[in-house]
Structures are given as C-alpha cells and as structure tokens.
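Single-letter residue listing:
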Amino acid sequence: LLSAGGWYCFNRQNCDSRYDTVPRLMSSREWPPTRVGTGILSSQPEENPHWWNANMVFVPYCSSDVWSGASSKSEKNEYAFMGALIIQEVIKELVGKGLSTAKVLLLAGSSAGGTGVLLNVDRVAEQLEEMGYQGIQVRGLADSGWFLDNKQYRRTDCIDTITCAPTEAIRRGIRYWNGIVPERCKLQFKEGEEWNCFFGYKIYPTLRCPVFVVQWLFDEAQLTVDNVHLTGQPVQEGQWLYIQNLGRELRNTLKDVTASFAPACLSHEIITRNHWTDVQVKGTSLPRALHCWDRSLHESNRNGKAPLKGCPIHLVDSCPWPHCNPSCPTIRDQFTGQEMNVIQFLMHMGFDVQKMAQQQGLEPSKLLGMLSSGN
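Residues numbered from 1 in each chain as written. Predicted model: local features only at pLDDT ≥ 70, side-chain atom pairs only at ≥ 80, totals over all residues. Heavy atoms only, no water.

You'll find the protein chain entered in an unreviewed UniProt entry as NOTUM carboxylesterase, with Trogon melanurus given as the organism. For the protein chain, the Sequence similarities (unreviewed entry) comment in UniProt is given as "Belongs to the pectinacetylesterase family. Notum subfamily." (UniProt positions renumbered as here; feature names shortened; annotations may be inferred.)

What follows is about the pairing of strand 3 (residues 104-110). With respect to burial, strand 3 is a largely interior element, 6 of its 7 residues being buried. Bridge analysis of strand 1 (residues 2-3) against strand 3 gives 2 bridges, and the strand direction is parallel. Bridging from a neighbouring strand, S3 pairs with G109 of strand 3. Pairing geometry for strand 3 and strand 4 (residues 137-143), over 7 bridges, is parallel. From the neighbouring strand, L107 faces strand 4, where its bridge partner is G140. This β-α-β element, strand 3 to helix 3 (residues 112-130) to strand 4, shows right-handed connectivity. (Buried < 20%, exposed > 50% of the residue type's maximum accessible area, 1.4 Å probe, protein only. Helix = DSSP H or I, 4+ residues; strand = E, 2+ residues; numbered from the N terminus. Pairing = 2+ DSSP bridges. Right-handed = clockwise from strand over helix to strand, strands pointing away.)

This brings us to the layout of surface pockets. Its boundaries defined by the atoms lining it, the largest pocket holds a volume of some 730 Å³. The set of elements that each furnish at least two residues to the lining of the largest pocket consists of strand 3 and helix 9 (286-302). Broken down by element, the residue count for the lining of the largest pocket peaks at 4 residues, all from strand 3. In the lining of the largest pocket, the residues fall into 16 nonpolar, 4 polar and 4 charged. (1 Å grid on protein atoms, 1.4 Å probe; cavity = no way out; pocket = protein on both sides within 12 Å on 5 of 7 lines; lining within 4 Å. Points joined across faces, edges and corners; volume = space filled by probe spheres on them. Nonpolar A, V, L, I, M, F, W, Y, C, P; charged D, E, K, R; others polar.)

Within a regular beta strand, the side chains point alternately toward one face of the sheet and then the other, so they alternate between its two faces. Alternating residues of strand 7 (residues 259-262) divide into A259 and F261 and S260 and A262, and every residue in both groups is buried. Here 3 bridges tie strand 5 (residues 211-214) to strand 7, and the two strands are oriented parallel to one another. When the sheet's bridge partners are listed, F212 is paired in strand 7 with A259. Bridge analysis of strand 7 against strand 11 (residues 314-316) gives 3 bridges, and the strand direction is parallel. Across the sheet, residue F261 finds its bridge partner in strand 11, namely L315.

An order of 2-1-3-4-5-7-11 is seen for the 7 strands of this open sheet, with the pairing classed as parallel. Each having just a single partner strand, strand 2 (58-59) and strand 11 make up the two edges of the open sheet. Together, strand 1, strand 3, strand 4 and strand 5 form the strand contacts of helix 3, whose direction differs from that of strand 3 by roughly 155°. (Contact = heavy atoms within 4.5 Å. Axes fitted to C-alpha atoms, helices over the stretch in contact; angles between N-to-C directions.)

Let us now look at empty space enclosed by the protein. Sizing a probe to match a water molecule and rolling it over the atoms shows the empty space that remains. Throughout the structure, instances matching the rule amount to 1 cavity of 30 Å³ or more. Within this model, the largest cavity holds a volume of roughly 200 Å³. What lines the largest cavity is a set of 14 residues, among which W7, Y8, T115, F147 and I170 lie closest to the centre. Counting residues per element, the ones that place at least two in the lining of the largest cavity are helix 3, helix 4 (166-177) and helix 7 (220-225). A class-by-class count of the residues in the lining of the largest cavity yields 11 nonpolar, 3 polar and no charged.

A few words now on helix 11 (residues 353-360). All of the buried residues in helix 11 are V353, M356 and A357. For helix 11, the angular spread of the buried residues around the axis is 100°, confining them to a single face. Turned more than 90 degrees from where helix 11 packs its buried face, Q354, Q358 and Q359 sit exposed. G361, located one to two residues past helix 11, shows a positive phi value of around 65°. (Arc of directions from axis to C-beta.)

This next bit is on the domain arrangement of the protein chain. You can read the domains of the protein chain as domain 1 (2-340) and domain 2 (342-374). For domain 1 and domain 2, the distance between their C-alpha centres works out to 32 Å. Facing the 20 residues of domain 1 at the interface are 15 residues of domain 2. Taken together, the two surfaces of domain 1 and domain 2 that pack against each other cover about 1400 Å², and 67% of this comes from carbon and sulfur. Sorting the residues of domain 1 by area buried against domain 2 places W240, W321 and M340 first, and these three jointly supply 41% of that buried surface. For the pair domain 1 and domain 2, the number of links is 0 salt bridges. Of all elements in the fold, only helix 8 (237-253) and strand 13 (339-340) reach the threshold of two or more residues within the side of domain 1 that touches domain 2. With 4 residues, helix 8 is the largest single contributor of residues to the side of domain 1 that touches domain 2. Here the side of domain 1 that touches domain 2 is composed, by residue class, of 12 nonpolar, 5 polar and 3 charged. (Domains from an automatic or database assignment. Buried area = accessible area lost by both parts, 1.4 Å probe. Salt bridge = Lys/Arg side-chain N within 4 Å of Asp/Glu carboxyl O.)

Set out below in structure tokens:
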C-alpha cells in the first residue's frame, strides 16, 4: 500500500492558492484513470527485484494534511481534511478484496506520505486486529518523510508553506485539519504539543510496528524549509557548514533506527523512482536492504535476533558532504539542466578544495581523487 506525498497547506489562504495551482493535491476530480507504477510499484523484476509480483495499491494524496486529518467540510471549513480516514477506508475496502488472507501488509509512502506512514502504521495494525485479522503483520516503509525540527539557516515568518518553519506549519496545520496523532506518541507530549509526533525521531521510539526508514542525509525538502536555497551562486561558508551539520544531525537521529538506508546525497524521494536500484550505501542497494529487512523479520519470529550475515539493514553513509557517495543520483544544474559530476557540483557550491584539503591534512589532488571516487 503506497501513499503519495506533496507537502501540505495549513490555512484558508494557502489552501486556496494550492487549489488554484495544483488542484490534483486538493481534489480527486481531475485524476487520470490509470497510472504506470515505477520503482517499488513496478511489475518489472529488473526495476523491482523483490516485490514485482506483490499486490499493490497506490493511494494518491488529495487531503493536504500529511495523512493526519479527520475533519469534514462544514459551514466553518471550506475544505475537508480526511487523510487519516482515507487510509482507514482503503483498508476496509481491501479486506473485501483479498487483504484478509494476506500475511504481510507494507504501508509505504514518500515525502508527506513517508511522514504519513509514521503517523498511521500502528493505527492500521490496530484496525486490522479489531476487525479480527490478527495474523496480518503490518510494517511501514517511510521514504523522505523523516524531518528535523532544526533551527532554520535563515529564520522567516510563517507566510507560506515553503518558508514557514516546519514546527509552526504543523502546529497550525493540526488545528486546521483536526489532525490526529497516535495515542502512544501523544502521551509522550503535553496537550497542544502534538506537533512533535510529525517528526520521525520523536515518534519512532513510540511505534509498535517495524518501520524501515529511507532518508537522504541532505534532503532537498528539508533544505528548502530551512531556507538553504542552492541557486546558481556559490554557497557561502555559513551555508556549507550548515549543510554539513544537517547531515551530521540527521545521521545522529538514525543511530538507533534498526532498519534504515541513508545515502549522503542531495535529493528527495526514491522508492518510486526507476533509478531506485542504483544507489548504494556501503555496497548495498535499497531493494537488497529491504529484502534483508524482510528476511530479518521472518527469522526473528523464529529465533533470537542475530543479524543475518552479509545482509545488512542499518545502512547510513558516514562521509560528510552531499554526493560524497559516488552512487548518488546525477545532479543537474537548476538553471541549465546540465548534468554535473561531484567535483563540478562541489565547485558550483563554492566548495574550496585548497582550504578543505588543508583542513583534512591532504594534498588538494589527493582530496579531488577521493571526492570523485567517493571515499
């Protein structure tokens, strides 16, 4: 079951403008009758080696509430926000279509859909238990939805979705959508502080279902809300330090996440991209890591939790800057659309090779060699 993403809106004004500019994220009226599944939704074994023949359901996103809302349209409310209820209804409908005989239900999602997985996976498990289907193992796969409530590079007032600091946007959103968060997470925080549960590292420890977290260490959506805008200008040193620190902080929050895949790349979303098989962390691709995770969950039902040899599930890059991993997706110049290699990208970012080499105690040429090979 895959839930889609696409940011959110949190007041009448920015929901109106969202309706004008991207109506498909606000209403299902103009959705196409068919879609082609790509990445983890593909039925081609080359593109989806592990799950190509699974039963798949794609749930498009039109609730604009990070899959958390539970409010219908009313006199007061021009819009309905029903993300949490949509997922419950989909489950109800699927039970009649064969889900009742399933062994495993994987709730996956990208971006807002990834955060939606964290917010809904336990509730889906409870729903199925209450319906009498205790035998179905419910698991989550959250892609690019693990955000930090960190300090923005430049503070901005909360004017629109993009510039509003995430904590403030979610705080306003919860009120506007009548957003619901899982009970166990809610109990960790004071009333009015439910926004905390939208941040992966705070909700993850409260979850009962196993969840696999996929997150770029330098997520473009995170950088956007932190007001780091990588335009054609060289990056100032402050920005460069901020970006590296972001990677460090993110890596830290994944320390105790049993199953994770976090490449040091500047990107956003991966599981539905057709290149999702190419990126590797420590020599392991994401589909392989997911296969290992699957196996570990089967084995752990049988015996003690010894990790499987040669089948890792905790994969987090340790190199310090964007694209120090040579298998990262190609970067394109935002203006010309031209492809760049790592060195071109770093120069373009204003990365000072001489200075960096000095800091690391290396010859500049040696540093360049390391950069291009990704060591």
